[in-house]
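Reading the structure
Here is what each chain is made of, one letter per residue.
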Amino acid sequence: MPTITQLEYIVAVDRERHFGLAAQKCFVTQPTLSAQIKKAEELLGVLIFDRSKQPIAPTPIGQEIIRQARVILREHQRLGQLVADFQNDISGQLRIGILPTIAPYLLPFFVGNFIRKYPQVNLQIKERTTDQIISDLKNDLLDVGLLVTPLKDEMLYEHPLFYEEIQLYVHPEHSFAQNNSIPLDLLNHENLWMLSQGHCFRSQVINLCTSQQNGLSNGNLPFEYEGGSLEGLQRLVDKEGGFTLLPELATLHSPQNVRSIQAPIPLREVSFVYVRNYAKIKLLQLLEQQIKESIPTHMLQKDRGQIVEWK
């Protein structure tokens, strides 16, 4: 059977789709990497990569071998992690993918305190869309994602962390501003600013606002706009009127223009997401503890509302 090193080279080529780049990432020469992959193919009796294609692509059987190679490498990594956990060695690299609708509001709560408490942990945090994070998790480019769930992906494990209320941010002269809470069946209103396509929060807004079979329109806005920033939507509401929907963490610093939706309170579930045989569980447990100690305690309560799905 192929060695662990050979499996690492195979996975690297699949990730980079180039022998030279894979060799650089593995800190070996290209002839060395190529020779080891060739030996693995001879041992297995099949071609793992179709070298006639540019970029290089795995063969059909190669795809299955690479999928299993990732499982084997994660389990191999778990051995070292078990020893590190037993010795209470809190160190290593943790690569986190986080949504842009979560990052600027959640990170300031916990990341500084976590690094000061565990200085030997190398955190690498990247803002990505949901689809990008899922792809990077499956290709071992990220260790964990901070994502809105449920995702309903059999390859991924979801560990819920907290539950944000989905709230209204309204212009002071909008009719919604006259009440502290707004009935859900009014949210088909024509003055709604939304994020652009590709953001899971946009999908949640659409699912929530159309749940009463009322349809959705932004026809009364001064111009058509779909942005990628929650802060941008807030500024547009302030300047041009109308309203938008925001997750709770994004409203904590501007509560004067925030209104609630009448019960059942709509919630956004935020979870750690990782591949099922992921090894660095101890680090995730420590990170989870820091997050939960940092955010408002009521956000830990799932039973205060109803989760709005986005898929």
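Keep in mind that what you see is a predicted model, and the values were worked out from it rather than measured.

This part is about the overall build of the protein. Tallying secondary structure elements over the protein gives nine helices and 13 strands in all. With the principal axes as the frame, the protein shows a C-alpha extent of 75 × 45 × 30 Å. Counting over 311 residues, the protein shows a buried share of 48%. Residue pairs at least 24 apart in sequence account for 76% of intrachain contacts in the protein once pairs closer than 6 positions are excluded. Carbon together with sulfur atoms contributes 50% to the accessible area of the protein, which is approximately 15,200 Å² in total. Within the protein, the 34 negative side-chain charges are centred at a point lying 6 Å from the centre of the 30 positive side-chain charges.

Moving on, we get to the packing of aromatic side chains. The geometry of two aromatic rings is summed up by the distance between their centres and the angle between their planes. Scanning the entire structure with this criterion turns up four aromatic pairs. Here F19 and F49 contribute two aromatic rings whose centre-to-centre distance is 6.1 Å and whose plane-to-plane angle is 75 degrees, an arrangement assigned as edge-to-face. Here F19, found in helix α2 (residues 19–26), pairs with F49, found in strand β1 (residues 49–50); they are 30 residues apart in sequence, far enough to count as distant. No difference in accessibility class separates F19 from F49, as the two residues are buried.

What follows covers the nonpolar core. L94, L106, F162, L168, L245, F272 and I291 are the most contacted members of the largest nonpolar core, which has 70 residues in total. Residues within four places of L245 in sequence aside, it is in contact with I166, Q167, L168, L192, F201, V205, L208, C209 and I261. Counting residues in each nonpolar core, the second largest holds 19 residues, with L7, A22, F49 and A69 among its members.

Where helix α1 (residues 4–16) contacts helix α3 (residues 30–44), the axes come no closer than 9 Å and their chain directions differ by 105 degrees. Taken together, the axes of α1 and α3 are roughly perpendicular relative to one another. Of the residues in α3, those in contact with Q6, Y9, I10 and V13 of α1 are L33, Q36, I37, K39, A40 and L43. In terms of residue class, the contact of α1 with α3 is made up of seven nonpolar, two polar and one charged.

Look at α1 against α2: their axes get within 8 Å of each other, and the N-to-C directions meet at 125 degrees. The angle between α1 and α2 places the two elements in the oblique class. For the pair α1 and α2, the crossing hand works out as right-handed. Between α1, through E8, Y9, A12, V13 and E16, and α2, the contact on the second element is made entirely by F19, L21, A22, K25 and C26. The class makeup of the residues in the contact of α1 with α2 is seven nonpolar, no polar and three charged.

A surface patch of nonpolar side chains, about 330 Å² in accessible area, is lined by M1, L43 and L44. Relative to the assigned elements, M1 resides in the segment before α1. Judged by relative accessible area, M1 falls into the exposed class, the value being 76%.

Over its 15 residues, α3 runs 21 Å from end to end, which matches the ideal 21 Å to within 8%, given 1.5 Å per residue. Residues of α3 that are buried sit in contact with α1, α2 and β1. Two residues or fewer after α3 comes G45, characterised by a positive phi angle close to 80 degrees.

Scored by pLDDT, the protein has a mean of 87; 91% of the residues are at 70 or more. Averaged over each element, pLDDT in the protein is lowest for strand β9 (residues 226–227) (66) and highest for strand β5 (residues 144–149) (95).

In this numbering, the UniProt entry assigns the feature "domain: HTH lysR-type" (unreviewed entry) to residues 2–59. From the first C-alpha to the last, residues 2–59 spans 17 Å; its make-up is 62% helix and 7% strand.

A few words now on the pairing of strand β4 (residues 121–127). Summarising the sheet, strand β3 (residues 92–98) and β4 pair through seven bridges and their orientation is parallel. By the bridge assignment, G97 is partnered in β4 with K126. Considered for its hand, the β-α-β crossover made up of β3, helix α5 (residues 103–117) and β4 is right-handed.

On to the environment of S229. When you line up the elements, S229 lands in the loop between β9 and α8 (230–240). For the pair S229 and N122, spaced 107 residues apart in the sequence, the C-alpha separation amounts to 28 Å. Reaching out from S229, the side chain makes a polar contact with the backbone nitrogen of E231 at a distance of 3.2 Å.

What follows is about the pattern of salt bridges. Here the structure, examined in full by the defined rule, presents 16 salt bridges. Residues D136 and R128 are paired through a salt bridge, measuring 3.9 Å at the closest nitrogen-oxygen approach. Residue class for D136 comes out buried when judged on its relative accessible area of 16%. Each of D14, R17, R70, R74 and D140 takes part in one network of salt bridges that share partners.

Rules and cut-offs
- Residues numbered from 1 in each chain as written.
- Predicted model: local features only at pLDDT ≥ 70, side-chain atom pairs only at ≥ 80, totals over all residues.
- Heavy atoms only, no water.
- Helix = DSSP H or I, 4+ residues; strand = E, 2+ residues; numbered from the N terminus.
- Buried < 20%, exposed > 50% of the residue type's maximum accessible area, 1.4 Å probe, protein only.
- Contact = heavy atoms within 4.5 Å.
- Areas by Shrake-Rupley, 256 points an atom, 1.4 Å probe, with all protein chains shown as cover.
- Lys, Arg positive; Asp, Glu negative; His and termini not counted.
- Charge placed at Lys NZ, Arg CZ, Asp CG, Glu CD.
- Phe/Tyr/Trp six-rings, centres within 6.5 Å; stacked < 30°, edge-to-face > 60°.
- Core = buried A, V, L, I, M, F, W, Y, C linked by side-chain atoms within 4.5 Å.
- Axes fitted to C-alpha atoms, helices over the stretch in contact; angles between N-to-C directions.
- Parallel < 35°, antiparallel > 145°, perpendicular 65-115°, else oblique.
- Nonpolar A, V, L, I, M, F, W, Y, C, P; charged D, E, K, R; others polar.
- Left-handed = near helix turned anticlockwise from the far one by under 90°.
- Patch = residues over 30% accessible without salt bridge, like charges linked within 9 Å, V, L, I, M, F, W, Y side chains within 5 Å.
- Salt bridge = Lys/Arg side-chain N within 4 Å of Asp/Glu carboxyl O.
- Expected span 1.5 Å × (residues − 1).
- pLDDT = per-residue confidence, 0-100.
- UniProt positions renumbered as here; feature names shortened; annotations may be inferred.
- Pairing = 2+ DSSP bridges.
- Right-handed = clockwise from strand over helix to strand, strands pointing away.
- Polar contact = N/O pair within 3.5 Å; in protein donor to acceptor, adjacent residues only side chain to side chain.

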